[in-house]
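So you can see what is in the structure, the chains are spelled out below.
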Amino acid sequence: MNKTTKILIIISLIYLALASSNIITSLNTLERGDNYFHIITTQGILKNHLNPISNYDLFMQQSDVGLNHPPLYNYFLALLLIIFKQIWFLNFSSIIINLLTGILLIKTSRLIFKNISNQTIIILYSLFLFIPIIVQGSCLIDLDVVLPLVMLLFVYFYLKNPDKIIINSLFFMLIWFTKIQGVPIIIASLFFYLIFTKKCKKDYLNAFLIILAGSGLFFIIMFFYTSYIGIDFSRMFTHSSILDGIKKQILNPKKTILTSFWTIKQLLIWVVPSTFLLYLMGIFNYVKNKNWKKHEKLLLPIIISIITLLELIPIGTYGWNFPRYYIEFIPFMFLSMIPLIEKIKLTKKDFLKISLLLFIIINYFLIIPDPYLPEVSESFTAKSYFQLAGKVLFNFDLIIFPIILVFVFYKGWKLNKDKFYKVLIISSLVIFISVGIMQLIKPYSTNNLYGDSHEDLKNTLEYLKNNTSPEDKLLLFPHVGYYFGNENNSNWYNSMLCYNSKECMTNITENKDVKFMQFYPKDLERINGTLKEIISVEFELDTNFGEYLIYKRK
């Protein structure tokens, strides 16, 4: 075992300790968001003879929520549950996936850069595993952790041998089976890659056959699968239609602008501004120096990273909180900056400075207000441009200060270009590790909805239990309804199914059996801004526990 391999193993163990600690401290908390959805679907697969159906509220006597996305990931989770028996082990699955993605990132970098240095490999691997969005992403039970792995698998094998149609088709099919949103990104990226690199007709034909064969296999398998199981084949496409998303963005330009503004801010905080600057500089230098002649294969990851951002930025982050959709962007972002990482050389003196900076910045993050907590709880339509800009800038400066500190340590006013890259890389690394440690002691959930208080959820469930009878019905957010209904044998409606239906919300409010409703603040602007008016006829705000608002029938 050589020295580089030993260092990579040590880095993996540090990441494992950091990510596992986040999960262990959250094991006694109730799941939220998509963590909850994947758990109930996985349980449904084992209970319903491999059928990914979950019966969990009054709206859906036979819910195909397990087919919001292709079910392969849920079958993988079901296999883990069969082997390890315990639900809590599912929380550790993303750690394994991230480690595999990191290893594949190394292999892909060595494929693109034949003479890449060992130091660059070590820095690249460290940056990927310790970036906050990946450390916190390790707490997710979610497709967005798996998607970058399968996308990178396809890129690796395609760049290695684009003429092998069968193997490339299978990995393209795997993207379909993981999350459909990854498919248009890869198709568009391949198209532009072939144009910019001026490939011959044979390369276009191979790419077309790969897409056609991979897509054809997916549709054939899924058609027979859904026919046999007896579930809706179209659910995967209607759940989050790209065309519907584009239509909404065009029809509501103000919301699209605010969404994009907010998303960029959240992305910069979870990726760290110094890292994102390195990414932009990497692309700029690649184009300026015409590096596609020297590193032609790097162009595909760069294009994938750009198209991913263009697709996702207008969509927004997940519920104002953790921008999990952007995990798929991270491996391709780091591949794009390898030429800059190659330019630096870390010395023993640098490691002494890094140790001192770590000590200072860790204490800084433990003292200041958490810069990762979302400042806005309402929907985008509830905020003006000026209000939102003020909210964004308020926390953004908290993450900028450590970067300034690193520049002071390295006499930032005397930097040449290569030393500038070095300072950006060091600032990113020390902030990554410091933030990871800071998040370990936070009293709220870091599993999915960053900052969502476990105590607030427990208090909400306890309050509803003490103020309702078994015959009462409630309108609740899914994870609240799941835990409340299971414990109290109570019936509940899923509030998420009413957000886009005025008729649905009106029917619920007129149903006298419905005694309580629970919302998040951002939910109150969903149905064309009229949700408050609809519920105010029959309901009034009773109490709240943090972000959990409870409305009671008058």
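The present account deals with the structure reproduced in this document. Bear in mind that the values here come from a model prediction, so they are computed numbers and not experimental data. (Residues numbered from 1 in each chain as written. Predicted model: local features only at pLDDT ≥ 70, side-chain atom pairs only at ≥ 80, totals over all residues. Heavy atoms only, no water.)

## Observations concerning the overall build of the chain
- In terms of helices and strands, the chain carries 24 helices and five strands.
- Classification of the 554 residues of the chain by burial places 58% in the buried group.
- By sequence separation, contacts in the chain at least 24 residues apart represent 75% of the contacts at least 6 residues apart.
- Carbon and sulfur atoms make up 64% of the accessible area of the chain, which totals about 24,100 Å². (Helix = DSSP H or I, 4+ residues; strand = E, 2+ residues; numbered from the N terminus. Buried < 20%, exposed > 50% of the residue type's maximum accessible area, 1.4 Å probe, protein only. Contact = heavy atoms within 4.5 Å. Areas by Shrake-Rupley, 256 points an atom, 1.4 Å probe, with all protein chains shown as cover.)

## A word on the packing of aromatic side chains
- On inspection of all chains with the given rule, the structure shows 30 aromatic pairs.
- Ring centres of Phe191 and Phe192 lie 5.5 Å apart, and the angle between their planes is 75°; this geometry places the pair in the edge-to-face category.
- On the basis of relative accessible area, Phe191 is assigned to the partly exposed category, the value being 46%.
- On the accessibility criterion, Phe192 (34% relative accessible area) is partly exposed. (Phe/Tyr/Trp six-rings, centres within 6.5 Å; stacked < 30°, edge-to-face > 60°.)

## Re the sheet that holds strand S5 (residues 548-553)
- Overall, mixed pairing links the five strands, which are arranged S2-S1-S3-S5-S4 in an open sheet. The open sheet has two edge strands with one neighbour each: strand S2 (491-494) and strand S4 (539-545). Recorded for the sheet is a direction-independent mean angle of 25° between the axes of neighbouring strands.
- Of the pairings in the sheet, the one linking strand S1 (residues 473-476) to S2 comprises four bridges and is parallel in character. Pairing of Lys473 across the sheet is with Asn491, part of S2.
- On top of the sheet, helix H23 (residues 502-510) reaches S1, S2, strand S3 (514-519), S4 and S5; it is set at about 135° to S3, its chief contact. (Pairing = 2+ DSSP bridges. Axes fitted to C-alpha atoms, helices over the stretch in contact; angles between N-to-C directions.)

## Overview of the pattern of salt bridges
- In total, this model carries seven salt bridges according to the counting rule given.
- Two residues, Arg324 and Asp144, come together in a salt bridge whose shortest N-O distance is 2.5 Å. In this pair, Arg324 is assigned in the loop between helix H15 (299-312) and helix H16 (330-336) and Asp144 in helix H7 (residues 143-160), connecting sequence segments 180 residues apart.
- Residue class for Arg324 comes out buried when judged on its relative accessible area of 3%.
- For Asp350, the salt bridge is made with Lys422, and the minimal N-O distance between the two is 2.7 Å. Within this pair, whereas Asp350 is found in helix H18 (residues 348-367), its partner Lys422 is found in helix H20 (residues 417-440), the two being separated by 72 residues in sequence.
- In this structure Asp350 comes out as buried when scored by relative accessible area, which is 3%.
- Taking relative accessible area as the criterion, Lys422 reaches 14% and is therefore assigned buried.
- In this structure, a network of salt bridges that share partners links the residues Asp142, Asp144, Lys179 and Arg324. (Salt bridge = Lys/Arg side-chain N within 4 Å of Asp/Glu carboxyl O.)

## Observations concerning the nonpolar core
- Counting residues in hydrophobic clusters, the biggest one holds 140 residues, and the most contacted among them are Tyr158, Ile330 and Phe334.
- For this core, the element with the most residues is H7, which contributes 14 residues.
- Discounting chain neighbours no more than four positions away, the residues touching Tyr158 are Asn168, Leu190, Tyr193, Leu194, Ala207, Ile210 and Leu300.
- One finds Phe37, Leu461, Phe477 and Tyr482 within the second-largest nonpolar core, a separate group that totals 21 residues. (Core = buried A, V, L, I, M, F, W, Y, C linked by side-chain atoms within 4.5 Å.)

## A look at the environment of Phe351
- Structurally, Phe351 can be placed in helix H18.
- Residues Phe351 and Ile426, spaced 75 residues apart in sequence, show a C-alpha to C-alpha distance of 9.6 Å.

## What about empty space enclosed by the protein?
- Following the criterion strictly, the structure yields one cavity of 30 Å³ or more and no others.
- Lining of the largest cavity is provided by Ile123, Leu127, Leu346, Ile354, Ile425, Ile426 and Leu429.
- Looking at the lining of the largest cavity, the elements with two or more residues in it are helix H5 (118-130) and H20.
- Broken down by element, the residue count for the lining of the largest cavity peaks at three residues, all from H20.
- Classifying every residue of the lining of the largest cavity gives seven nonpolar, no polar and no charged. (1 Å grid on protein atoms, 1.4 Å probe; cavity = no way out; pocket = protein on both sides within 12 Å on 5 of 7 lines; lining within 4 Å. Points joined across faces, edges and corners; volume = space filled by probe spheres on them. Nonpolar A, V, L, I, M, F, W, Y, C, P; charged D, E, K, R; others polar.)

## Concerning the pairing of S4
- With six bridges connecting them, S4 and S5 associate as antiparallel partners. Its bridge partner being in S5, Leu541 is matched across the sheet by Tyr551.
- The hairpin turn running from S4 into S5, its antiparallel successor, is two residues long, and Gly546 in that turn takes a positive phi close to 60°.

## Let's talk about the pairing of S5
- Taken across its six residues, S5 has five buried, putting it largely inside the fold.
- Relative to S5, S3 runs antiparallel, the two being bridged by four bridges. What sits directly across from Met517, in S5, is Tyr551.

## Structural notes on the layout of surface pockets
- The space that makes up the second largest pocket amounts to roughly 660 Å³.
- When residues of the lining of the second largest pocket are traced back to their parent elements, those giving at least two are helix H1 (3-24), H5, H18 and H20.
- Here the residues of the lining of the second largest pocket sort into 13 nonpolar, five polar and one charged.

## Focus on the packing of helix H9 (residues 182-196) against helix H10 (residues 201-229)
- For the pair H9 and H10, interaxial distance at closest approach is 11 Å and the crossing angle is 175°. Relative to H10, H9 is oriented roughly antiparallel. Of the residues in H10, those in contact with Ile187, Leu190, Leu194 and Ile195 of H9 are Asp203, Tyr204, Ala207 and Ile211.
- By residue class, the composition of the contact of H9 with H10 is seven nonpolar, no polar and one charged. (Parallel < 35°, antiparallel > 145°, perpendicular 65-115°, else oblique.)

## Observations regarding a positive patch on the surface
- A cluster of basic residues, Lys107, Arg110, Lys160 and Lys164, forms a positive patch at the surface.
- Residue placement: Lys160 occurs in helix H7. (Patch = residues over 30% accessible without salt bridge, like charges linked within 9 Å, V, L, I, M, F, W, Y side chains within 5 Å. Lys, Arg positive; Asp, Glu negative; His and termini not counted. Charge placed at Lys NZ, Arg CZ, Asp CG, Glu CD.)

## Observations regarding the side chain of Thr308
- Considering the arrangement of structural elements, one finds Thr308 in helix H15.
- Residue Thr308 is classed as buried on the basis of its relative accessible area, which comes to 0%.
- Leaving out residues up to four positions away in the same chain, Thr308 has contacts with Ile185, Glu328 and Phe329.

## Side note on the environment of Asp163
- With respect to the element layout, Asp163 can be found in the loop between H7 and helix H8 (165-178).
- C-alpha of Asp163 to C-alpha of Ile210: the two residues are 47 residues apart in sequence and 9.4 Å apart in space.
- In this structure Asp163 touches Lys202 and Asn206, once residues within four positions along its chain are discounted.

## Quick look at the side chain of Asn206
- Along the chain, Asn206 falls in helix H10.
- Note on Asn206: relative accessible area 7%, which makes it buried.
- Side-chain polar atoms of Asn206 contact the side chain of Asp163, separated by 2.8 Å.
- Excluding anything up to four places from it in sequence, Asn206 contacts Pro162, Asp163 and Ile165. (Polar contact = N/O pair within 3.5 Å; in protein donor to acceptor, adjacent residues only side chain to side chain.)

Purely spatial values, then, with no claim about function.
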